[in-house]
Each structure stands twice: as structure tokens, then as C-alpha cells.
Amino acid sequence: MATKGNPGDNRSRSSLSSFIIVAALCCFFYVLGVWKRSGFGKGDSIALEITKKAEDCGILPNLEYETHHGNQSTSFNDPKQDIKEIEPCGEQYIDYTPCHDQMRAMTFPRENMNYRERHCPPDEEKLHCLIPAPKGYVTPFSWPKSRDYVPFANAPHKSLTVEKAVQNWVQYEGNVFRFPGGGTQFPNGADAYIDQLASVIPIDNGTIRTALDTGCGVASWGAYLFKKNVLTMSFAPRDSHEAQVQFALERGVPAVIGVLGTIKLPYPSRAFDMAHCSRCLIPWGANDGLYMMEVDRVLRPGGYWVLSGPPINWRINYQAWQRPKEELEEEQRKIEEMAELLCWEKKHEKGEIAIWRKRVNNEYCRERDSRVTLCESSNAENVWYKKMEACVTPYPETTNSDEVAGGELKPFPDRLSTVPPRIASGSVPRLSVESFKEDNKLWKKHVNSYKRVNKILDSGRYRNIMDMNAGLGSFAAALESPKLWVMNVLPTIAEKDTLGVVYERGLIGIYHDWCEGFSTYPRTYDLIHANGVFSLYKDKCNAEDILLEMDRILRPEGAVILRDNVDVLTQVKRIATSMRWNTKMVDHEDGPLIPEKVLFAVKKYWVVGDSNSTVSD
């Protein structure tokens, strides 16, 4: 059972915070780790521990803690101006998701789930306040315990425990939620269900690394696939089953709010080794197979599609499903026809599970091309707010029937460091094999310097990590560990579209525009990394709006690492100071003469109703 904290013990936290600010930053992050393990309301004993440890911490000789440019003015603000406090939002905004707001959603058409898609507020309706944490909020359990237990105070919503009680999704026990690993389609548990899939799909040998779970519920499928070293991108709409995605992220499982509706999924083509729907309620046979065409776009050649639940094996189950057998028969017929049209090979059907495999290249699909409309190949990655089209994404060209279209991927973890096919083939402009290797080398160096400052970076304290400007995914590759996962975000205005490269490395990510809110609940990331984000968006949108969004999705006492030009970071530091963030700007690891700096920050612990100032003590 979770230990109840004492978030009202502000005196101990304030005293501790004051000490942290004056301590060397290396000690600060070490102490933060000790503090988390100790629980709340123990300020006196922790202070003694801090004092003892601080005596042993020295300043690293190759990393200066005070930038030599700290007093320079910026093109954004006059640093002599008083810091303007950013006030907390009201209690009603605890679970605020700006681009999936329920009231706004209801003003959009319900046809094809349009109203459940992204609908972001205009600038004049954006909140300019800090989203509070609920009273009693505590640091989540470490992985793997977090997979099975979530503190009730962090996501205080019981509706799923009632609506899905017989399906073993989630149970409420005292001050925690327990996730037994059950699901509608896997009553014997997710492990048994995954083992059943593994009898057909090569899940155990690294061939399957990236997976997509459509209509994921609380993402137990993705949670248990971590045992197989499979990284799953799960999504579900924000609907009447509140907190599905929130529960997934509280458990430490990758997930976003999303739906298959009218807009293309925010992922590149040929991204996933496997796609999955377990009674996800998506009408696969409707709209002339549009949704299956979209799955085909994001499924790599040779990848697998799993469909379990209605209408599979309708002859046996139509009565239990309480649906007319004629309706179910027609639904499965349409799915089978579309799968054949897409040139998917049916590999298995047993019980309520059916599995298809996408062909490895177009040599097997010549007949298909004369029966379908092929999409423009240049549009395969152009997906942000683009409507789905009733067309089939063409395969990349191959020279023989054995060649995998787009390039064969090595089993994971070898594919993490191997040159991705998109780079080896020259399909990403101005990116070479040499530049890929240099990028890997550079980010290993950067991450090593981060670890010298934040000594708990790879300790398991940070499970859910976001890279706001992922590039080639080298930051995530340098951090790769079963203790954590990274959401690699590619800004839609980035100069190069490299998200396909990220997926070819066995990592996951998403397209996003940082002028808008991210498709997640508040407090869902433990650490956020941003390289050059504020320079990238300097003339696009307000830096304060981006920082407020970062604050919304960052957990209390979560960490931030920002890398950018000193002039930009000076302005960012001023705004962050007004947001209950403790900050410290340091020089580039190669020395003070380099204008690029690094800003480390930690978000303070505070909950709804706290009256303490938003300006750092």
C-alpha cells in the first residue's frame, strides 16, 4: 500500500528548498534522490543528511556552474524588470488537457469521432496559470512496481473500477489502484495473452520492437510487453472512461490521448513492427477501409496486425456479444476483403484472435496496385492535421522479391546503434552515415555531462522522459535502459523530418507543434529535455506558453534540462523563476566561451490550495 504523504508540511520543504538552492547543483540532484526515497514531512532528519553529504560534494573542474553570460540582456526581456509571478489555476483545472477539453469537444461533429480529436484553444482562450496537483499527490512508485500500483491521490477517478469491474482492468484498494494485468480479451492476464501472440509473431527475439496499441484502455498490453523488450505507443480517446491514458502514464507506460477519426495518426510511415486492437471499438470495415489503410501506412513491411474480439469468431460468440450474427458476419467479411486488398497475409485465427502480416515488398502485391488508389508517396509523412485519404501508401522500391521494402531492420538492441535504412539510403536530405555517427557520439558526450550534474538521471527516479526536439533520437539512445523510456517529439517545424529514423532505431516518438498543448494529461512526465526548442520557436509563438505547457505535463519535483543559446536561456530562466522552478544555468561542457548553455531546473512540490509564492525562494 502507498504511504500517505504530508504535502502540507511546507515549513520543512521551504527550509530544504532554501538549502538546495545554495548547494552545489551536483549535490542538489543527489539530495533530491535521497529526499524522494525518504517520503514527506521529514525535514529535520533530511537536513542533517544533506549537510553530511554536501561536505563530500565538490565542483567538477570541467563544468562551471555559473555562466559567464548570466548578466547579459536578451532580445526578449529587460532583465532589470521585476519577475512577474504566474498564479496557480483553479482546482477545476487539475486534469486540464487544453487540446482535448470536454466542453470544447462537444461543439464539434460526432461523425467519425471528430469531436474526440485535437481541438486546441485559440490564443485568447489559453490559460496563463499553473495547473495544480491534487491534494495528497505523491511521487509514483518506481518501475516495475508502478506497473501494478498507482496512488489514488494522483488520479482520483474510480469510474473504471466500476465500469470494468468484471474485466479485471483496475481495482481500488485503500489508497492505491491495483492493475491486475487483466483485460476484456485476456481474462487469464496479459502475460498469457502475449504468450499466445508470441506463438505466431516473433516477439521474443528482438524482431518486434515497436508496437502500436489502438484504443489501449489502461495500456496493460503495452505494460506487459516491456518484459519482451517491446516498446509500445498506446493511445485512447479522452471519453466517458476517464483517466485511461492518465492511468497508463502513472503506471510508467507510454501513451497519448488520441483516436482514429478523420485525421492521420501523428506517426511516420513504416514506423511500427506490430499494431494491435483488443476490442478497441474501431469500425475497421467502415469508411471503405480507411482506418485499415492508415494502419497499413504506419506498419512497416513485414509487420503484424492483431485483431482480437468482435467480429473475430462471430459464429461462436455472437450471442455473448449480444449482436446479430448477420451484422458481425458482414463486419468480418469487410475486414477480410480489405486485408486482402492491402496485400496482408492472414497468418492465424484461433478463438477470438486473428493475425495478419503485411507483405515485405510490392513484388507480392502487383495485382493490388491495379485495384486500389495509391497515395502520393511524398505525403506519407505529411500527417499533422491532415485528413486521412482513401488510398494505399505505396511500398518503397525494391530490386528483388526477397528484399524488404525500405530496408531490413536488425533485431533490437542492435538496431539502436546500426545506421538506419533511411539514412543509409540517403532518403533524408543532408543526413549522411558520418553525420549520424557524429550525432551519436555528441549526445553520448552530452548525456555523460548531464549525469555528472544530475546524478540520479539513470537511477530509476525518472521513468517517463520526453525529448521535445528529438532529432535523430540520439539523446534517447544514450539513455536507453529498461528503467526508463523516452517520448521522442519531432516538432512539425523542424528543418528535417527524422521521426522515421527514430523508429528505425527501435525508439518511439510523435509529431507535435509546441505552439499547442501536448496530447497528454497533466503531471505525466518525470523529466523533460529540450534542445534548441526556444530558438526554433522564437518567431512562432510565446516562450511563456511553451514553458507553461512544460509545467503542465511535468510532475511535481520533476526535472528539466534545456540546451540553447545563452540569450534565449536567460529569458527562459526568468520565466521559469516565476513558475515554482528552481533553476541553475551552467556552461557548455566544452567551456565558457561557447554561447550554447544548459539550464537545469526542478519543479517545486505544491498542490491545489497552496498559498506559497510562485517565485523561487
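Residues numbered from 1 in each chain as written. Predicted model: local features only at pLDDT ≥ 70, side-chain atom pairs only at ≥ 80, totals over all residues. Heavy atoms only, no water.

Named according to an unreviewed UniProt entry, the protein chain is Methyltransferase originating from Anisodus tanguticus. Reading the Sequence similarities (unreviewed entry) entry of the UniProt record for the protein chain gives the comment "Belongs to the methyltransferase superfamily." (UniProt positions renumbered as here; feature names shortened; annotations may be inferred.)

**Q** Just give me the short version of the overall build of the protein chain, but keep the residues and values in it.
**A** A count of helical and extended segments in the protein chain gives 21 helices and 17 strands. Classification of the 617 residues of the protein chain by burial places 59% in the buried group. Excluding contacts between residues fewer than 6 apart, the proportion of contacts in the protein chain whose partners are at least 24 apart in sequence is 71%. (Helix = DSSP H or I, 4+ residues; strand = E, 2+ residues; numbered from the N terminus. Buried < 20%, exposed > 50% of the residue type's maximum accessible area, 1.4 Å probe, protein only. Contact = heavy atoms within 4.5 Å.)

**Q** Tell me about the pattern of salt bridges, residues and numbers included.
**A** For side chains bearing opposite charge, pairing can occur when the charged atoms are close. Under the counting rule described, the total for this entry stands at 38 salt bridges. Among the salt bridges present, the one from Asp 95 reaches Arg 523, with a minimum N-O distance of 3.1 Å. Of this pair, Asp 95 sits in the loop between helix H3 (43-54) and helix H4 (102-105) while Arg 523 sits in the loop between strand S13 (508-512) and strand S14 (525-531), and the two are 428 residues apart along the sequence. We classify Asp 95 as buried; its relative accessible area is 14%. According to the relative accessible area criterion, Arg 523 is buried, its value standing at 2%. With a shortest N-O distance of 3.3 Å, Arg 430 and Glu 495 are connected by a salt bridge. (Salt bridge = Lys/Arg side-chain N within 4 Å of Asp/Glu carboxyl O.)

**Q** I'd like a description of the packing of aromatic side chains, backed by residues and values.
**A** Applying the stated rule across the entire model yields 19 aromatic pairs. Ring geometry for Trp 514 and Phe 518: centres 5.7 Å apart, planes at 15°, overall stacked. Per residue, the accessibility class of Trp 514 equals that of Phe 518, and both read buried. Over the aromatic face of Tyr 224 sits the side chain of Arg 147, whose NZ or CZ is 4.0 Å from the ring centroid. Of note, Arg 463 hangs over the ring of Trp 143, and the distance from its end group to the ring centre comes to 3.8 Å. (Phe/Tyr/Trp six-rings, centres within 6.5 Å; stacked < 30°, edge-to-face > 60°. Lys NZ or Arg CZ within 6 Å of the ring centre and 35° of its normal.)

**Q** Tell me about the side chain of Ser 519, residues and numbers included.
**A** In this structure, Ser 519 sits in the loop between S13 and S14. For Ser 519, a relative accessible area of 8% corresponds to the buried category. A distance of 2.9 Å separates polar atoms of two side chains, one belonging to Ser 519 and the other to His 100. Non-local contacts of Ser 519, meaning those with residues more than four positions away in its chain, are made with His 100, Arg 118, Val 256 and Ile 257. (Polar contact = N/O pair within 3.5 Å; in protein donor to acceptor, adjacent residues only side chain to side chain.)

**Q** So what's going on with the state of the cysteines? Residues and values would help.
**A** Per the stated rule, a full pass over the model turns up six disulfides. In this model Cys 375 forms its disulfide with Cys 391; the gap between the sulfur atoms is 2.0 Å. Since a negative S-S torsion denotes a left-handed disulfide, the Cys 375-Cys 391 link at about 105° is right-handed. Of this pair, Cys 375 sits in the loop between helix H13 (366-369) and helix H14 (414-417) while Cys 391 sits in the loop between H13 and H14, and the two are 16 residues apart along the sequence. With respect to burial, Cys 375 and Cys 391 carry one shared label: buried. (Disulfide = S-S within 2.5 Å.)

**Q** Tell me what's going on with the nonpolar core, and back it up with residues and numbers.
**A** Counting 136 residues, the largest nonpolar core has Tyr 267, Trp 284, Trp 305 and Met 550 as the members making the most contacts within it. For Met 550, the contacting residues outside a window of four places in its chain are Met 468, Ile 528, Phe 534, Val 560, Leu 562 and Trp 581. One finds Ala 155, Trp 169, Val 218 and Ala 243 within the second-largest nonpolar core, a separate group that totals nine residues. (Core = buried A, V, L, I, M, F, W, Y, C linked by side-chain atoms within 4.5 Å.)

**Q** Explain the pairing of strand S7 (residues 272-278) to me, and be specific about the residues and the numbers.
**A** Two faces, one strand: in a regular strand the side chains alternate between the faces of the sheet. With seven of seven residues buried, S7 lies mostly within the body of the structure. As paired strands, strand S4 (residues 210-214) and S7 are joined by three bridges and run parallel to one another. If you follow Ala 211 over to S7, its bridge partner there is Met 274. Pairing between S7 and strand S8 (residues 299-308): six bridges, direction parallel. Residue pairing across strands places Cys 277 opposite Leu 307, the latter belonging to S8. Note that the unit made of S7, helix H10 (residues 290-298) and S8 has a crossover that is right-handed. (Pairing = 2+ DSSP bridges. Right-handed = clockwise from strand over helix to strand, strands pointing away.)

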